[in-house]
Amino acid sequence: MKHIRLFIVAGLLLALAAPAMAASAESPFHLNNRLRLGYDDNIYQSDGAEGRPDQESSFRIIEELEMLVNLNLERTYLGLRYRPSLIWYENRDTEDTDLLNDLDLNFSHNFSPSLVLAISDSLRSGQLPELQNEGYVVRQEDDNIYNSALATLSYNLRPETRIDVSGRHILLQYDDEVNDNNNYYSVVGGLTLRQQLASLTTVMLDGRYQSLVYGDATEDNNRDAETLYAGAGLEQTFSPQLLGTLRAGVENRMYDDDTFDDETQPYGEVSMTFLPSPKTRITGAASYSIYESDVERYMSQDRTYLSLSLAHDFTAKWSFYVSGAYTLSGYEADYALDAGLEDADEESFLVSARVTYRVNRINWLEAGWQYVELDSDVANRVSYDRNRFDVGWKIQLF
């Protein structure tokens, strides 16, 4: 975890140094500040049942800095977004403040017209259990780090043929040793062959290998696994306004614990982007696969994921964004570490909306709402729902 903390410190130092480098509005360095007042109707994520915390609400204040770097050179692009946030709760018995860190990095370099390297990294540092729209779930009430890094090297064999070699590293780690059984990292290597059949159609062949390791878990919590993927895909431009991607194949998961049989299942994902006008963008996605278990004592989950988002600019000043995500997680007794655990399903819903008004070149007003619901059949899990509202002011400092 030390290198990730150093990464956060480096981002902070860059945020402090950026003003010296930002000499004009055309500078690649910008710093924004967002101050929001909000209300949370279920700060403990509780259902209020006997033996559990009451459903407590609280006002809160969110102070967030946003540092942006967009550096375009002849062959190289660097994009960086770093957002440290301090959240204060008016009515929380435990710690009344949270300090969060979000860091997103995008880098690309063209070695030649045929050879391109792309690197992306997303880092999330949190303190409380949370349903995340990035596709992972933090379960434990503890400081935690989530990091997802992806590197892809693309080579054009011919103008219509491209090969992508990619690698990904994912890490979820808690600070407290009591949660060591939930720490994991995943390493994925993949190869994709892309063939353009026509100007609007591209077919793909995919092969991937994944190693999933719970490196700090005790021996009786061994959920390590290796997975092989093989499949095909299709990208289609139906019109200048409608784009689609389809991928499907078979995955085979092999567990380090020999008491569990290998799992072989189909996987698939589809996404669509619709641009009905220059001011409107609609994106939808769906996927199904074997996935890392969000619940301790189950080896894996069968995960179905659906999402839909809409972005629209009413005018040059007014903009609106709404998104929704639904996840169905299926846990099987055959892949449970405890004999008493049964088949169980868990559903989660995440809906958010935000409207923004641009007052002038450097000032914005905004209002947002987020709804989260978790409905779980898993033993000892808490089902709950939660609403959060906020209004705020954003200013571009430079």
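Summary of the structure given here. (Residues numbered from 1 in each chain as written. Predicted model: local features only at pLDDT ≥ 70, side-chain atom pairs only at ≥ 80, totals over all residues. Heavy atoms only, no water.)

A few points about the overall build of the protein chain
When helices and strands are counted, the protein chain shows 1 helix and 20 strands. Split into buried and exposed, the 398 residues of the protein chain put 41% on the buried side. Nonlocal contacts in the protein chain, meaning residues at least 24 apart in sequence, comprise 54% of its contacts between residues at least 6 apart. Accessible surface, the protein chain as shown: approximately 20800 Å² in total, 57% of it carbon and sulfur. (Helix = DSSP H or I, 4+ residues; strand = E, 2+ residues; numbered from the N terminus. Buried < 20%, exposed > 50% of the residue type's maximum accessible area, 1.4 Å probe, protein only. Contact = heavy atoms within 4.5 Å. Areas by Shrake-Rupley, 256 points an atom, 1.4 Å probe, with all protein chains shown as cover.)

Considering the pairing of strand 3 (residues 76-89)
Both strand 2 (residues 58-72) and strand 3 contribute to a ladder of 11 bridges, which runs antiparallel. Bridge pairing in strand 3 links L68 to R81. Connecting strand 2 to the next strand, strand 3, in antiparallel fashion are 3 residues. With 13 bridges connecting them, strand 3 and strand 4 (residues 97-112) associate as antiparallel partners. If you follow W88 over to strand 4, its bridge partner there is T97. (Pairing = 2+ DSSP bridges.)

As for the side chain of S309
Along the chain, the position of S309 falls in strand 16 (residues 300-313). Its relative accessible area of 15% is what places S309 among the buried residues. The residues contacting S309, other than those within four sequence positions of it, are R281, I282, T283, Y321, V322 and S323.

With respect to the packing of aromatic side chains
This model, assessed by the stated rule, comprises 11 aromatic pairs. Summarising the aromatic geometry, the rings of F260 and Y335 are spaced 6.2 Å apart at their centres and angled 20° between planes, so their arrangement reads as stacked. Taken as a pair, F260 in the loop between strand 13 (242-255) and strand 14 (263-277) and Y335 in the loop between strand 17 (318-331) and strand 18 (344-358) lie far apart in primary sequence, 75 residues in all. Summarising the burial analysis for this pair, F260 and Y335 share the class buried. Ring pairing ties together the aromatic residues Y255, F260 and Y335, which thus form one cluster. Of note, R208 hangs over the ring of Y229, and the distance from its end group to the ring centre comes to 4.1 Å. (Phe/Tyr/Trp six-rings, centres within 6.5 Å; stacked < 30°, edge-to-face > 60°. Lys NZ or Arg CZ within 6 Å of the ring centre and 35° of its normal.)

Some remarks on the pairing of strand 11 (residues 201-213)
Pairing between strand 10 (residues 184-198) and strand 11: 13 bridges, direction antiparallel. For T192, the partnering residue across the bridge sits in strand 11 and is D206. The antiparallel hairpin formed by strand 10 and strand 11 contains 2 residues in its connecting segment. Relative to strand 12 (residues 225-239), strand 11 runs antiparallel, the two being bridged by 12 bridges. Looking at the pairing, S211 lines up with E226 of strand 12.

Remarks on the nonpolar core
Within the largest apolar cluster, 9 residues are counted, these being F29, L31, M67, V69, L80, Y82, L103, L123 and I145. Secondary structure elements with two or more residues in this core: strand 1 (29-40), strand 2 and strand 3. (Core = buried A, V, L, I, M, F, W, Y, C linked by side-chain atoms within 4.5 Å.)

A few points about the pattern of salt bridges
Counting across every chain of the model gives 18 salt bridges. Here R92 makes a salt bridge to D98, at a shortest N to O gap of 2.8 Å. The class for R92 is buried, based on a relative accessible area of 8%. A salt bridge links E366 to R354, with the shortest nitrogen-to-oxygen separation between them at 4.0 Å. Of this pair, E366 sits in strand 19 (residues 363-376) while R354 sits in strand 18, placing them 12 residues apart in sequence. With relative accessibility at 22%, the residue R354 sits in the partly exposed group. (Salt bridge = Lys/Arg side-chain N within 4 Å of Asp/Glu carboxyl O.)

Here we look at the environment of A379
Relative to the helices and strands, A379 is located in the loop between strand 19 and strand 20 (384-396). A residue is classified by how much of its surface remains accessible, and A379, at 45% relative accessible area, is partly exposed. Between the alpha carbons of A379 and G340 there is a distance of 9.9 Å; along the sequence they are 39 residues apart.

Focus on a nonpolar patch on the surface
Together, L35, L37, I61, W88, V359, L365, V391 and W393 make up an exposed nonpolar region whose accessible area comes to about 690 Å². Secondary-structure elements contributing two or more residues to the nonpolar patch are strand 1 and strand 20. Inspection of the secondary structure assignment puts W88 in strand 3. Residue classification places W88 among the partly exposed residues on the basis of a relative accessible area of 35%. (Patch = residues over 30% accessible without salt bridge, like charges linked within 9 Å, V, L, I, M, F, W, Y side chains within 5 Å.)

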